Amino acid sequence: MQTLLLLILTLTIRLACSSPPLDPVACSNGMSDCTVTNANGYFPDRSICRAANAVYPHTEEELVAAVAAAAAAKRKVKVATRYSHSFTKLTCPGGRDGTIISTRWLNRTVRVDAEKRLVTVESGMALRDLIQVAAAAGLCLPNSPYWSAVTVGGLLATGAHGSSLWGKGGAVHEHVVGVRIVTPAPASEGYAVVREIGADHADLDAVKVSLGVLGVISQVTLALEPLFKRSVTFVTRDEPSDLAEQVAAWGGLHEFGDVAWLPHQRKVIYREDNRVDVSTPGNGLLDFPAFWSLPAHEIVAARVEEERLEEGNGGTDAAARCLAAQRSAEALDRLGRGYTNDGVSFTGYPVVGYQHHMQASSACVDSPEDGVESACFWDPRLRGPSLYNPAFSIALSKAPSFLADVRRLRDLNPSAFCVLHGAMGMSMRFVRASSAYLGKPEDCVAVDVAYYRSRTGGVPRAHADVVDELEQMALRKYGAVPHWGKSRNFAFDGAIARYPKAGAFLEVKKRYDPGGIFSSEWSDQVLGIRGSPTVVEKGCAIEGLCVCSDDSHCAPELGYFCRPGKVYAEARVCMFEAGATLINDEL
């Protein structure tokens, strides 16, 4: 990913075309004998997910019929979205006998009530389309993820969010006031029913963050706000001595503020982001460079360079990796971090613009088809960059102590932190506590990191021990909760116990789907119903499938052994020990 931002600087002409990703569902015989995957083309455990058939309803009536058919046959059902941006196996029914229901064609506007500021859309509508529909009525969604190609149903299922501790907070589901959801039913009711859940319904807090285990959401009604303008300024400063305290306070100072910490570079990028009066001059636009369409051959070349840095010589070329990280951060800064003052060029901060132009982007899926001459960098049809992008949320009250620990870990070996995506580092957003049973339990700092993943199973990452200790520290020492759609398997082990209202969610699940039609082995493991999401086998810790407890869970033949963390001693990480393989060979 570091090399991609450097590559963007070589583009003298902004590409107008792309090849939007293929449908994540592929069937070899009409609509039967199918596989389902995600945007990256593989799940954390690298398994291939299969299903007996796929259904693409165009109406709610067809959706009801699809659920009824599966329920009558006692088939497992999972829902797939247009681009399937969840890394975890939420779309996998398990086995070969399940049904995939795609919401690709359930993408229409149902109604807009500008006077009441309500918009109702089908669940397969992309966020970018919802944003435009709202703007046409003089309305806006006050907060959203920064990637706009997620669907409304998909982002609700995983609790996706932007950044804000103000008002209702940064999570989109906090603006949901109505849902129509199709669930299984007894034969006497035709095997499927539509449940209409209003703002005052007791089950809304279960439905609005559901992991897809309650049924298929058909329609969503959101309460919006009058369209407003924002003013965005990014300020880069040297890392302050009171970084931990500054981060904890930042969300209270700026309505849409966030923070990016670049540990190796000892830099902090503060986002000053607030509403301004609609009369304030400016027609700003967000077009984030990492979401641009890129030439296919350059995407492949970026991956070759990435593999050289990460796998060549055992990933020991720290100087080259750190230089690439620094240059990618500088490149993004020169590009205004994707913001333009007039929709064309970046001339300086502040960038002022209407909310629907400033909140999210997804250029590489919005451009005309060009036959894979260019694409999103993660398109699985190309052997492009591959990465992990785990995320976890730490209670605001615990964030200063966590960041102080991370700083101590950084100070032991600063160059090790160059494995984090150089322009992103540790990205920190702010999210309010939610009434949703599976929403954020407390006001929190939501931390995202991105780092290299080999396309070959079992290949260690350079300084894997540092990143793994950081994640284990967050999850186990500070009780962080993992992002439902992003994190690796080990992060979900025992995580459901950190949700005080998990029992209430499971009670709703039992009522809505008593036969477990919408459940899978994965969802049962994550929800603590049965089994564990960890997979204990040779090399499992290298893949993030387990926390190591034995050297075999790492890669001892390559010099990686299971060792305690350096700051958080209770952590167990795969640590490289130079010369260890030679000694073992001699023995």
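Note that the coordinates shown come from a computational prediction; the quantities given were computed from them, not determined experimentally. Counting of residues starts from 1 at the beginning of each chain's written sequence and follows it residue by residue. The predicted origin of the model limits local features to residues at a pLDDT of at least 70 and limits the giving and counting of side-chain atom pairs to 80 or more, whereas totals for whole chains, interfaces and linings rest on all residues. Only heavy atoms go into the side-chain values, all of them from the structure, while hydrogens and water stay out.

**Student:** Sorry, what's going on with the overall build of the protein chain here?
**Tutor:** Looking only at helices and strands, the protein chain has 15 helices and 28 strands in total. Only C-alpha atoms enter the radius of gyration, while the globule expectation follows 2.2 Å times N to the 0.38, with N the number of residues. Expected size for 587 residues packed as a compact globule is a radius of gyration near 25 Å; at 23 Å, the protein chain falls within 12% of this value. Taking the principal axes of the C-alpha coordinates as reference, the protein chain spans close to 70 × 65 × 50 Å. Classification of the 587 residues of the protein chain by burial places 59% in the buried group. The long-range share in the protein chain, meaning contacts at least 24 apart out of those at least 6 apart in sequence, stands at 72%. Counting every atom, the protein chain has about 21,700 Å² of accessible surface; 53% of that belongs to carbon and sulfur. A run of H or I in DSSP becomes a helix once it reaches four residues, and a run of E becomes a strand once it reaches two; helices and strands are each numbered from the N terminus. Exposure classes here rest on a 1.4 Å probe applied to the protein chains alone. A residue is buried below 20% of its type maximum, exposed above 50%, and partly exposed in between. Residues count as neighbours in contact if any of their non-hydrogen atoms are within 4.5 Å of one another. Residue burial considers only the protein chains on display, and all accessible areas are found by Shrake-Rupley using a 1.4 Å probe.

**Student:** What exactly am I supposed to notice about the UniProt feature "domain: FAD-binding PCMH-type" (unreviewed entry) in the protein chain here?
**Tutor:** UniProt positions are given in the numbering used here, feature names are shortened, and annotations may be inferred rather than shown by experiment. According to UniProt, the positions carrying the feature "domain: FAD-binding PCMH-type" (unreviewed entry) are residues 47–227. For the annotated span residues 47–227, helix accounts for 19% and strand for 29% of the residues, and the straight-line distance between the end C-alpha atoms is 44 Å.

**Student:** How should I be thinking about the side chain of arginine 410 in this particular structure?
**Tutor:** Among the secondary structure elements, arginine 410 is positioned in helix H11 (residues 399–412). Among the polar contacts made by the side chain of arginine 410, one reaches the side chain of aspartate 411 at a distance of 2.7 Å. Apart from residues no more than four positions distant in its own chain, arginine 410 is found in contact with Glu239, Trp261, Pro263, Arg266 and Phe417. In protein, a polar contact means a hydrogen-donor-capable atom and an acceptor-capable atom, both N or O and within 3.5 Å, with residues adjacent in sequence counting only if both atoms are side-chain atoms; elsewhere, any N or O pair within 3.5 Å suffices.

**Student:** Whenever I open this one, the state of the cysteines confuses me. Can you help?
**Tutor:** Note on terminology: a disulfide is the covalent bond linking the sulfur atoms of two cysteines. Disulfide: a pair of cysteine sulfur atoms within 2.5 Å of each other. Under the counting rule described, the total for this entry stands at seven disulfides. Through a disulfide, cysteine 322 is tied to cysteine 418; the S-S separation comes to 2.1 Å. Here the disulfide of cysteine 322 and cysteine 418 is right-handed, its torsion about the S-S bond being about 105°. On the criterion of sequence distance, the pair formed by cysteine 322 in helix H8 (residues 318–334) and cysteine 418 in the loop between H11 and strand S23 (426–431) is long-range, its members being 96 residues apart. We classify cysteine 322 as buried; its relative accessible area is 8%. Each sulfur of the disulfide joining cysteine 548 and cysteine 562 lies 2.1 Å from the other. Taking the sign of the S-S torsion, about 85° here, the bridge from cysteine 548 to cysteine 562 comes out right-handed. Residue cysteine 548 is found in the loop between helix H14 (521–526) and strand S27 (560–564), and its partner cysteine 562 is found in strand S27; the two are separated by 14 residues along the sequence. Like cysteine 562, cysteine 548 is buried.

**Student:** I tried to follow the nonpolar core on my own but got confused; where do I start?
**Tutor:** General note: in soluble globular proteins, nonpolar side chains tend to be found buried as a group. For this analysis, a nonpolar core means a set of buried residues of the types Ala, Val, Leu, Ile, Met, Phe, Trp, Tyr and Cys, connected via side-chain atoms within 4.5 Å. Counting residues in each nonpolar core, the largest one holds 66 residues, and the members touching the most others are Leu130, Leu214 and Trp484. Considering each element in turn, this core owes the most residues, five residues, to helix H3 (residues 127–136). Filtering out sequence-adjacent residues up to four positions away, leucine 130 remains in contact with Val119, Val121, Met125, Leu141, Val152 and Leu222. Membership of the second largest hydrophobic core comes to 44 residues, among which are Leu243, Val447, Tyr478 and Tyr568.

**Student:** Help me understand the packing of helix H7 (residues 296–310) against H8, please; the structure alone is not making it clear to me.
**Tutor:** When two helices pack together, their arrangement is captured by the angle between the axes and the distance separating the axes. Lines fitted to C-alpha atoms define the axes here, with helix axes fitted over just the stretch in contact, and angles between the N-to-C directions of these axes take values from 0 to 180 degrees. Two elements in contact, H7 and H8, have axes whose closest approach is 9 Å; the angle formed by their N-to-C orientations is 135°. The orientation of H7 relative to H8 falls into the category oblique. Where H7 approaches H8, its residues Arg308, Leu309 and Glu310 are matched on the opposing element by Ala320, Arg321 and Ala324. Roughly parallel means an angle under 35 degrees; roughly antiparallel means over 145; roughly perpendicular covers 65 to 115; every other angle is labelled oblique.

**Student:** Sorry, what's going on with the pairing of strand S14 (residues 258–262) here?
**Tutor:** Moving residue by residue along a regular strand, the side chains alternate between the two faces of the sheet. Counting buried positions over the five residues of S14 gives five, a clear majority of the element. Residues Asp258, Ala260 and Leu262 line one face of S14 and the alternating positions Val259 and Trp261 line the opposite face, and both faces are buried. Criterion used throughout: strands pair if DSSP finds at least two bridges between them. In terms of strand pairing, S14 meets strand S15 (residues 267–276) through five bridges, oriented antiparallel. Its bridge partner being in S15, alanine 260 is matched across the sheet by isoleucine 269. The hairpin formed by S14 and S15 contains four residues between the paired strands, and arginine 266 there has a positive phi angle of roughly 55°. Bridge count between S14 and S23: three bridges; the pairing is antiparallel. Across the sheet, residue valine 259 finds its bridge partner in S23, namely methionine 428.

**Student:** Explain the packing of H11 against helix H12 (residues 464–477) to me, please; I cannot follow it from the model alone.
**Tutor:** As a packed pair, H11 and H12 sit with axes 11 Å apart at the nearest point and diverge in direction by 160°. Here H11 lies roughly antiparallel to H12, going by the angle between them. In the crossing of H11 with H12, the sense of the turn from one axis to the other is right-handed. Listed contacts from H12 to Phe402, Asp405, Val406 and Leu409 of H11 are Val466, Glu469, Leu470, Met473, Ala474 and Lys477. Along the lines of polarity and charge, the residues of the contact of H11 with H12 split into seven nonpolar, no polar and three charged. Crossing handedness follows the turn of the near helix against the far one: under a right angle anticlockwise gives a left-handed crossing, and clockwise gives a right-handed one. Charged means Asp, Glu, Lys or Arg here, nonpolar means Ala, Val, Leu, Ile, Met, Phe, Trp, Tyr, Cys or Pro, and polar covers whatever is left, Gly included.

**Student:** Would you mind going over the sheet that holds S23 with me for this structure?
**Tutor:** Hydrogen bonds along the backbone pair up the strands of a sheet, which may run parallel or antiparallel. With antiparallel pairing, eight strands are arranged side by side in an open sheet as S19-S13-S15-S14-S23-S24-S22-S26. Looking at strand neighbours, the two that pair on one side only are strand S19 (351–354) and strand S26 (481–482), the edges of this open sheet. H12 rests against strand S22 (391–395), S23 and S26 of the sheet, and its axis sits at about 45° to S22.

**Student:** Hey, could you run me through unusual backbone geometry in this one?
**Tutor:** Most of the time, phi is negative for any residue but glycine, and the peptide bond is trans. Residue tyrosine 349 is joined to proline 350 through a cis peptide bond whose omega torsion reads 0°. Considering the arrangement of structural elements, one finds proline 350 in the loop between strand S18 (339–340) and S19. Unusually for a residue other than glycine, lysine 74 sits at a positive phi of about 55°. Following the sequence through the fold, lysine 74 ends up in the loop between helix H2 (60–72) and strand S4 (77–80). Looking at lysine 74, the relative accessible area reads 72%, which means it is exposed. Positive phi, close to 55°, is recorded for histidine 463, a residue that is not glycine. Take histidine 463: it is sitting in the loop between strand S25 (451–452) and H12. Residue classification places histidine 463 among the partly exposed residues on the basis of a relative accessible area of 23%.

**Student:** Any chance you could explain the sheet that holds strand S2 (residues 32–36) here in plain terms?
**Tutor:** The five strands are arranged S1-S2-S3-S5-S4 in an open sheet whose pairing can be described as mixed. For this open sheet the edge positions go to strand S1 (25–29) and S4, each flanked by a neighbour on one side alone. Each strand of the sheet is rotated relative to its neighbour by a mean of 45°, with strand direction disregarded. Where strand S3 (residues 49–55) and strand S5 (residues 99–102) come together, three bridges link them in parallel fashion. Within S5, the position partnered with alanine 54 by the bridge is isoleucine 100.

**Student:** Sorry, what's going on with the side chain of glutamine 219 here?
**Tutor:** You can see glutamine 219 is positioned in strand S11 (residues 216–223). Filtering out sequence-adjacent residues up to four positions away, glutamine 219 remains in contact with Glu60, Val110, Thr120, Val121, Glu122, Ser123, Gly178, Val179 and Arg180.

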